[in-house]
Amino acid sequence: MKPTLDSSRDIDGKGPASSKRPVRYIKWLSLSLMSFMALMVLIIYEARWVLPEIQTYFSQSGNLTGQQLATRSRHYLQDAQARLLDIPGPEERAAAITDIELAYGLFDVDVYHQHYDCTSPSLSVLDETVTALENNNVLPVILARELLDPIACLTRIEMGQLDLRGEAINSFSDRTRWHNQVLIYTSLLIFAFGLLFWWLHDRQLRRTEKATQETLRWMERAMRDPLTGIGNRSALHQDVMQQEQQSLGLVLVDIDFFKQYNDTMGHPAGDALLRHLVLLIADALPEEATLYRLGGDEFAALLPCKDVDALGRYCQQLHLQVQQSAFSHAAHPNKKQVTLSIGATCFIPSRVGFPRAYEAADKALYQVKTAGRDDWHIIAIA
Ligand SMILES: Nc1nc2c(ncn2[C@@H]2O[C@H](COP(=O)(O)OP(=O)(O)OP(=O)(O)O)[C@@H](O)[C@H]2O)c(=O)[nH]1
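Predicted model only: the values in this text are computed from it and were never measured.

Asks: Give a description of the pairing of strand β4 (residues 298-304) that names residues and reports values.
Replies: Among the seven residues that make up β4, six are buried, leaving the element largely enclosed by the rest of the structure. For strand β2 (residues 248-255) and β4, the ladder comprises seven bridges, and the chain directions are antiparallel. Bridge pairing in β4 places D254 opposite E298. Direction of pairing for strand β3 (residues 290-295) relative to β4: antiparallel, over a ladder of five bridges. The partner of L291 across the bridge, within β4, is A301. Adjacent in sequence and paired antiparallel, β3 and β4 are bridged by two residues, among which G296 carries a positive phi angle near 50 degrees.

Asks: If you had to explain the packing of helix α10 (residues 267-284) against helix α11 (residues 308-325) to someone new, which residues and values would you point to?
Replies: Direction vectors running N to C along α10 and α11 enclose 135 degrees, while the axes themselves pass 9 Å from each other. Viewed along their axes, α10 and α11 adopt a mutual orientation that is oblique. When you trace α10 past α11, the crossing you get is right-handed. The segment α10 lies against α11, with L280, I281, D283 and A284 engaging Q317, L318, Q321, V322 and S325. Looking at side-chain class alone, the contact of α10 with α11 contains five nonpolar, three polar and one charged residues.

Conventions adopted
- Residues numbered from 1 in each chain as written.
- Predicted model: local features only at pLDDT ≥ 70, side-chain atom pairs only at ≥ 80, totals over all residues.
- Heavy atoms only, no water.
- Buried < 20%, exposed > 50% of the residue type's maximum accessible area, 1.4 Å probe, protein only.
- Helix = DSSP H or I, 4+ residues; strand = E, 2+ residues; numbered from the N terminus.
- Pairing = 2+ DSSP bridges.
- Axes fitted to C-alpha atoms, helices over the stretch in contact; angles between N-to-C directions.
- Parallel < 35°, antiparallel > 145°, perpendicular 65-115°, else oblique.
- Left-handed = near helix turned anticlockwise from the far one by under 90°.
- Contact = heavy atoms within 4.5 Å.
- Nonpolar A, V, L, I, M, F, W, Y, C, P; charged D, E, K, R; others polar.

Below, the structure is given as structure tokens:
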């Protein structure tokens, strides 16, 4: 285990951000859905305007448009006229009367009376023609000529109705174009607003994420010892709480006569020794061990503890390794090299509680100190 590589607490910013990504997509989707709904409402609203216009256009005069009625009426009159010009017999006269009456029926329309002043005189002419034919008292040629005015009137109506139809078509296509434009531009507007809201929301989300990352980074720093890079006392407490059910070994390490080391070698050399010792302790203890600096020249290590014997072997190994490394300590009263006092205990946090375990390890350390230092001792908790 390397002390500065406690990756479980490293914050790289990717974890929380990537976990928030699905939330971002869900919000984006709901915004799109809202825009889509708004669009649908708009289309339905627009359809309310377009539909009556279509209906109006196609029901100008019932099933037949005004122009078609006039055309048919004119055809009947022209048929009657042709019969009359042919020196008709009784049957032809009767057929001519039928044609004129049919033409009359199609001609006598309210719309024509309202808009074309030639309608009433023309219908009177048709009435008189039928009467004359029935009485057979006027030459057919003359009656045929009489029909010219009603035919001219019907032609005028046809032209007028065609114009009206053209106007209706133009107005219909104009209105349709206008509604289409409203639809397109409003859709674009809704889409643009959707994008804007999404961008604002996304920006807010990124700011919040950044602030969270910053807070986490500060918290991370607050849990680290700046000199050695390992965790501090708070980190130790937190790690113990996270392993409440595990059997843990707590090892307390204190440098002997560190004050004298500082006094003779200087404070920067003291700092360098602290950093070196961290690496050395990490090297001596198993990979799973985590190191902490509790303050001054006191360190702690938290590691899995199978049993007290195994823990003792690690303490022995650490003690030996420091001896072998032979860091010079000129002010050390007897050894002239750096020595450590080590106290340890084995405990399960949920059963014993950390304060009791710390007290036991500290007591073991104190016993080493009072017994002359440069040794290790373990106190088993009953
Ligand atoms: N260089 C350095 N020295 C520190 C730091 N923090 C505390 N110290 C010094 O560590 C020394 C600790 O002294 P003591 O608590 O008396 O411990 P000791 O001299 O090792 O004595 P024993 O533990 O009884 O052997 C003090 O002189 C502190 O000034 C630090 O960050 N850097």
